Amino acid sequence: RPDGAAASGAPVAPRWGRTLREAARHPFFWVVTAAVGTSGMLATAVAFHQISILGERGLSTTEAAANFLPQTAAGIAATMLTGLLVDRVAPRWLVAASMLSLASGLAWGVVVSPGWSAIGFGLAIGSAGASIRAFEAAAVPRFFGTAHVGALRGFVAAVSVGSTAFGPLLFAVARESAGSYTVVLLGSALAPLAVVVAGFLIGPPASRSVPLISGVT
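Analysis parameters
- Residues numbered from 1 in each chain as written.
- Predicted model: local features only at pLDDT ≥ 70, side-chain atom pairs only at ≥ 80, totals over all residues.
- Heavy atoms only, no water.
- Phe/Tyr/Trp six-rings, centres within 6.5 Å; stacked < 30°, edge-to-face > 60°.
- Helix = DSSP H or I, 4+ residues; strand = E, 2+ residues; numbered from the N terminus.
- Buried < 20%, exposed > 50% of the residue type's maximum accessible area, 1.4 Å probe, protein only.
- Axes fitted to C-alpha atoms, helices over the stretch in contact; angles between N-to-C directions.
- Parallel < 35°, antiparallel > 145°, perpendicular 65-115°, else oblique.
- Left-handed = near helix turned anticlockwise from the far one by under 90°.
- Nonpolar A, V, L, I, M, F, W, Y, C, P; charged D, E, K, R; others polar.
- Expected span 1.5 Å × (residues − 1).
- Bend = angle between axes of the 7 residues up to and from the residue.
- pLDDT = per-residue confidence, 0-100.
- Contact = heavy atoms within 4.5 Å.
- Salt bridge = Lys/Arg side-chain N within 4 Å of Asp/Glu carboxyl O.

## Description of the packing of aromatic side chains
In step 1: A full pass over the atoms with the stated rule returns eight aromatic pairs.
In step 2: Ring centres of Phe171 and Tyr181 lie 6.5 Å apart, and the angle between their planes is 40°; this geometry places the pair in the tilted category. Of this pair, Phe171 sits in helix 8 (residues 166–178) while Tyr181 sits in the loop between helix 8 and helix 9 (182–188), and the two are 10 residues apart along the sequence.
In step 3: Three or more aromatic residues joined by ring pairs make a cluster, and in this case those are Phe28, Phe29, Trp30, Phe143, Phe144 and Phe155.

Structural data, given as structure tokens:
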């Protein structure tokens, strides 16, 4: 039934939620924000420079452009899978899965070659961004409530959109300076790995909207 609608005669549970200022005091909010921002920055950088990145590895312009197809397919599948797991798996594992996929895709870009290797690169990059966005959409209202969900998700979205402006520029400057994408691909892979570490060190706050599922901390 719709949110807020109660069964016949049943009382409607009051909405709860932390304000943006209150949420910002909990480190887990920044883990989620950092994961979404890191994904937005680096996935956008790869998308903007994909023809050039894959061209360095021997793919034709057509082959490099076609790599968006496995990325899209992986993104759809990752969104659905994350939706199935988000209430059953501890948040740190979902954050880790997304960020490790992103890190592996970036590192893969250094050695990718035409054929199945290129498809694997596309699957890694595509699944990373989609899975973390699906996770954020569920994690913010669950752990920080719905009373101020617009302000909370709006802030995360602003960070995500803002981060997309820096990634392509970073890759362009690094490519111009180093003569290839190798350094920036390997260096940027460290960012999602740092988020993985933070996700394991920092747990989410207890949800007051629904009872926590056993084992999800």
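Moving on from the coordinates now.
## Description of the environment of Gly199
In step 1: As for its placement among the helices and strands, Gly199 is situated in helix 10 (residues 190–201).
In step 2: Gly199 gets classed as buried once you look at its relative accessible area, which sits at 7%.
In step 3: Taking the C-alpha atoms as reference, Gly199 lies 7.2 Å from Ala96; in sequence the two are 103 residues apart.

## Side note on the packing of helix 5 (residues 91–111) against helix 6 (residues 116–144)
In step 1: One can describe the packing of helix 5 onto helix 6 by two numbers: an axis separation of 8 Å at closest approach and a directional angle of 155°. It follows from the interaxial angle that helix 5 and helix 6 lie roughly antiparallel. The crossing of helix 5 and helix 6 is left-handed.
In step 2: Among the residues forming the contact of helix 5 with helix 6, the class breakdown is 15 nonpolar, nine polar and no charged.

## Some points on helix 6
In step 1: With 29 residues, helix 6 should reach 42 Å at 1.5 Å per residue; the first-to-last C-alpha distance of 42 Å fits that figure.
In step 2: Of all 29 residues in helix 6, 23 are buried, a share of seventy percent or more.
In step 3: Gly145 sits one or two residues past helix 6 and shows a positive phi near 85°.

## What to know about helix 2 (residues 27–56)
In step 1: Along its length, helix 2 reaches its greatest deviation from straightness, about 75°, at His49.
In step 2: In the segment just after helix 2, Gly58 is the residue with positive phi, at about 95°.

## Re the confidence of the model for the protein chain
In step 1: Considering every residue of the protein chain, the mean pLDDT works out to 89; 88% of them sit at 70 or more.
In step 2: Looking at the elements of the protein chain, mean pLDDT is at its lowest for helix 1 (residues 20–24), recorded as 93, and at its highest for helix 10, recorded as 96.
In step 3: Predicted confidence for residues 209–217 stays below pLDDT 50, and this span has 20 contacts to residues more than four positions away or in other chains.

## What about the pattern of salt bridges?
In step 1: All chains considered together, the criterion is met by two salt bridges.
In step 2: The residue Glu56 makes a salt bridge to Arg175 at a minimum N-O spacing of 2.8 Å. Here Glu56 is found in helix 2, whereas its partner Arg175 is found in helix 8, with 119 residues between them in sequence.

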